[in-house]
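For reference, the chains in residue letters:
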Amino acid sequence: MEEEILRRTWAEIDMDALSHNYRAARERIGPGVKYLGVVKADAYGHGAVQVSRKLQSLGCDYLAVSSLDEARELRRGGVTMPVLILGHTPPEMTPQLIRHDLTQTVSALAKAEEYSQAAQAAGGVLRVHIKVDTGMSRLGFLVRGEHFAGGVDAIATACALPNLDAEGIFTHFSTSDSDDPGDRAYAMEQFNVFLSVLDALAARGRRFRLRHCANSGALARYPETFLDMVRPGIALYGLGDDADTLGLCPVMSLYSCVSTIKVFDADTPVSYGRLYRTPDRRRVGVLPVGYADGLFRGFSNRLALWTPGGPAPILGRICMDMTMVDLSGLPNIHVGDTLEIFGPHQSANALAAMLDTIPYELVCAVSKRVPRLYKEHGQVTERSLRILGQDTLSAPTA
Ligand SMILES: *Cc1c(COP(=O)(O)O)cnc(C)c1O
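Note that the coordinates shown come from a computational prediction; the quantities given were computed from them, not determined experimentally. For every chain, the first residue of the written sequence is number 1, and numbering continues from 1 along that sequence. Local features are withheld for residues below a pLDDT of 70 in this predicted model, meaning they are given only at 70 or higher, and side-chain atom pairs are given and counted only at 80 or more; totals for whole chains, interfaces and linings count all residues. In computing side-chain values, all of the structure's heavy atoms are included and hydrogens and water are not.

A. Geometry of the side chain of Gln50. Secondary structure is summarised from DSSP: a helix means a run of H or I of at least four residues, a strand means a run of E of at least two, and numbering begins at the N terminus for each. With respect to the helices and strands, Gln50 occurs in helix 4 (residues 48-58). Summary of the burial criterion: residues with accessible area below 20% of their type's maximum are buried, those above 50% are exposed, and those between are partly exposed, where the area comes from a 1.4 Å probe applied to protein chains only. Residue class for Gln50 comes out buried when judged on its relative accessible area of 4%.

As structure tokens, this is what we get:
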């Protein structure tokens, strides 16, 4: 990758922080519990192949993605460990699931029947995990209230279908990251429904090698829910409300740099819509970063970027590809200097809170034209730029 591409806007991925976060959770869950790392959505924007390779080398037991395409990306990237697809895969893709040795979520009996038939036709066995809807009201076998007996029946029937290997069963919490008493009670209610389903299935002789439900929120709050495997996502990336409690470090930092500096007289409107007018003479930096890179337009006139000499407030509207910042009080900032959007000095957690959203959304939004720089032991180990299909340590010169 050419150096000037990097000197636009770039993300740094701290692989030491990733290792640290992995180990911190490992210690928390103890030796008897397996670890599934959630790497869907390009590992929350961090680079699914790079993150998965690292997790594989650290001894992680399982990975999860949302779709067959995401799983294929991992296999193509040389990731050989077990991969669970959390979302729906059309049953006609069953031969691919089997060929790539992937584990498919099954969320209803009708789907199980289709997968079973497709696996028989393909002459293979499809490994599946049963998804139970204990209260998220998304995917999964219905088991709450009056649906309990019928749901358990349907799961038992699904697991007994030919050419399906029901390795696991899982559910997902909707409130495990909250300390509100009502939310805590709801998470426990979901967990108890899940345990009742497991008991009812065990009574019929159906047991599972991998029972799992703990996402990052449950990892922090509910050790009793760890069962055979935990399933953290955001904790792996060192973000979310529990990052401090768990002693985690953010993995991604986002930077941009000053492309141009201009001095404007008083009462000069800056950017689209004249949202900001200079109150007096201002030294303004133009940054090559915009909402198409993942800097949400909602931060217009609100966020200040971090610099060693103090904050550089965003002036006016964030554009698609450019953003203006006030450098008046920062005489030591020159063209080419780096500014931190989020990272060691201002966290993605704090930025998310400003816009009343979650850090998940911020890191997932860092777009494919933003190069990722992978750092380990203080060295850049890899550079990746998705728009050029590059995943290289050093650029081919051409
Ligand atoms: C995304 C996801 C997770 C991870 O959630 P975090 O809050 O990031 O820990 C776990 N399980 C399922 C089913 C998911 O979809």
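B. Structural detail: the confidence of the model for the protein chain. Confidence of the predictor at the level of single residues is given by pLDDT, which spans 0 to 100. In the predicted model, the protein chain carries a mean pLDDT of 96, and the fraction of residues at 70 or more is 96%. Across residues 393-398, where pLDDT falls below 50, the model places eight contacts with residues more than four positions away in sequence or in other chains. Contact between two residues is taken to exist if any of their heavy atoms lie within 4.5 Å; hydrogens are not considered.

C. Spatial organisation of the domain arrangement of the protein chain. Annotation of the protein chain at the domain level lists domain 1 (32-237) and domain 2 (252-388). Those domain boundaries reflect an automatic or database domain assignment. Between the C-alpha centres of domain 1 and domain 2 there is a distance of 38 Å. With twelve residues of domain 1 in contact, the opposing surface of domain 2 contributes ten residues. Between domain 1 and domain 2, roughly 990 Å² of surface is buried when both sides are summed, and carbon and sulfur atoms account for 49% of that area. Of all residues in domain 1, His46, Gln50 and Ile234 bury the most surface against domain 2, accounting for 46% of the area lost on that side. Note: buried area is the sum, over both parts, of the accessible area (probe 1.4 Å) each one loses when the two are combined.

D. Up close: the nonpolar core. Nonpolar cores are built from buried Ala, Val, Leu, Ile, Met, Phe, Trp, Tyr and Cys residues. Side-chain atoms within 4.5 Å join them into one set. Core analysis: the largest hydrophobic core is formed by 113 residues, its most contacted members being Val39, Leu55, Leu74, Ile130, Ile155, Ile169 and Phe342. The dominant element in this core, judged by the number of residues it contributes, is helix 9 (residues 181-203), at seven residues. Both domain 1 (32-237) and domain 2 (252-388) contribute no fewer than three residues apiece to this core. Core analysis: the next-biggest nonpolar cluster, separate from the first, contains seven residues, Val270, Val284, Leu315 and Met324 among them.

E. Local environment of the site of the ligand. Throughout, the term near means that a residue has one or more heavy atoms lying within 4 Å of the molecule or strand in question. With respect to spatial proximity, 13 residues lie near the ligand, and among them Lys40, Tyr44, Ser216, Ile234 and Tyr360 are the closest. Polar contacts, as used here, are pairs of N or O atoms within 3.5 Å; protein pairs need one atom able to donate a hydrogen and one able to accept it. Residues neighboring in sequence count only if both atoms are side-chain atoms. Within the side chain of Ser216, an N or O atom sits 2.5 Å from an oxygen atom of the ligand. The separation between a nitrogen atom of the ligand and a polar side-chain atom of Arg231 is 2.8 Å. The Shrake-Rupley method, run with a 1.4 Å probe sphere, supplies the accessible areas, and residue values consider only the shown protein chains as cover. Notes on the ligand: free accessible area 390 Å², of which the protein chains cover 92%. Basically, the charged four are Asp, Glu, Lys and Arg, the nonpolar ten are Ala, Val, Leu, Ile, Met, Phe, Trp, Tyr, Cys and Pro, and anything else, Gly included, counts as polar. Looking at the shell around the ligand residue by residue, the class counts come to six nonpolar, four polar and three charged.

F. Local environment of the pairing of strand 6 (residues 126-133). Of all eight residues in strand 6, eight are buried; the element is thus mostly enclosed. Burial along strand 6 is two-sided: Leu126, Val128, Ile130 and Val132 facing one way and Arg127, His129, Lys131 and Asp133 facing the other are all buried. Consider the strands pointing away from the viewer: the crossover is right-handed when the path from the first strand over the helix to the second runs clockwise. As for the winding sense of the linkage, the β-α-β connection from strand 5 (residues 103-106) through helix 7 (residues 109-122) to strand 6 is right-handed. Between any two strands, at least two bridges found by DSSP are needed for them to pair. The pairing of strand 6 with strand 8 (residues 164-170) spans six bridges and is classified as parallel. Among the inter-strand pairings, Arg127 is bridged to a residue of strand 8, identified as Asp165.

G. View of unusual backbone geometry. Residues other than glycine seldom take positive phi values, yet Ala43 does so here, at roughly 55°. Among the secondary structure elements, Ala43 is positioned in helix 3 (residues 40-44).

H. Representation of the packing of aromatic side chains. Aromatic pairing here means that ring centres of Phe, Tyr or Trp (its six-membered ring) are within 6.5 Å. Orientation follows from the plane angle: under 30 degrees is stacked, over 60 is edge-to-face, and everything else is tilted. For the coordinates displayed, the defined rule picks out five aromatic pairs. For the ring pair Phe296 and Phe299, a centre distance of 6.4 Å and an interplane angle of 10° mean the geometry is stacked. The class of Phe296 is buried, set by a relative accessible area of 17%. Members of the aromatic cluster, joined through ring pairs, are Tyr44, Tyr237 and Tyr360.

I. Spotlight on helix 2 (residues 15-29). One less than the number of residues in a helix, times 1.5 Å, gives the span that helix is expected to have. Along its 15 residues, helix 2 runs 21 Å from first to last C-alpha, staying within 8% of the 21 Å computed at 1.5 Å per residue. Looking at the packing, one finds that the buried side of helix 2 touches strand 1 (9-14), strand 2 (34-38), helix 4, helix 10 (216-221), strand 10 (229-230) and strand 20 (372-376). Residue Gly30 follows helix 2 closely and has a positive phi angle near 80°.

J. Region of interest: the pattern of salt bridges. What counts as a salt bridge is simple: a side-chain nitrogen of Lys or Arg found within 4 Å of a carboxyl oxygen of Asp or Glu. Counting across every chain of the model gives 21 salt bridges. Measuring nitrogen to oxygen at the nearest pair gives 2.5 Å for the salt bridge that ties Lys54 to Glu376. Note that Lys54 is positioned in helix 4 and Glu376 in strand 20, a separation of 322 residues in sequence. Here Lys54 and Glu376 have matching classes, each one buried. Arg127 serves as the salt-bridge partner of Asp101, at 2.5 Å between the closest nitrogen and oxygen. With Asp101 in the loop between helix 6 (94-99) and strand 5 and Arg127 in strand 6, this pair connects stretches of sequence that are 26 residues apart. Residue classification places Asp101 among the partly exposed residues on the basis of a relative accessible area of 42%. Under the relative-accessibility criterion, Arg127 is labelled buried at 18%.

K. Geometry of the state of the cysteines. Sulfur atoms of two cysteines make up a disulfide when they are within 2.5 Å. Using the criterion set out here, one finds zero disulfides in the structure. Between Cys319, a cysteine without a disulfide, and Cys257, which holds the nearest cysteine sulfur, the sulfur-to-sulfur distance is 16 Å.

L. Local environment of the sheet that holds strand 16 (residues 304-305). A sheet is described by the order of its strands in space; here five strands give the open sequence 12-15-18-17-16, paired in antiparallel fashion. Each of the sheet's edge strands pairs with one partner strand only, and the pair in question is strand 12 (260-264) and strand 16. Taken together, the two bridges between strand 17 (residues 312-315) and strand 18 (residues 323-326) define a ladder with antiparallel strand orientation. Counted as the bridge partner of Ile314 is Val325 from strand 18.

M. Structural detail: the pairing of strand 11 (residues 252-257). Of all six residues making up strand 11, six are buried, and the element is well covered by its neighbours. Burial along strand 11 is two-sided: Met252, Leu254 and Ser256 and Ser253, Tyr255 and Cys257, pointing in opposite directions, are all buried. By the bridge criterion, five bridges tie strand 1 to strand 11 in an arrangement that is antiparallel. Among the inter-strand pairings, Ile13 is bridged to a residue of strand 11, identified as Met252. Bridging between strand 11 and strand 19 (residues 338-342) involves four bridges; their strand directions are antiparallel. Among the inter-strand pairings, Leu254 is bridged to a residue of strand 19, identified as Phe342.

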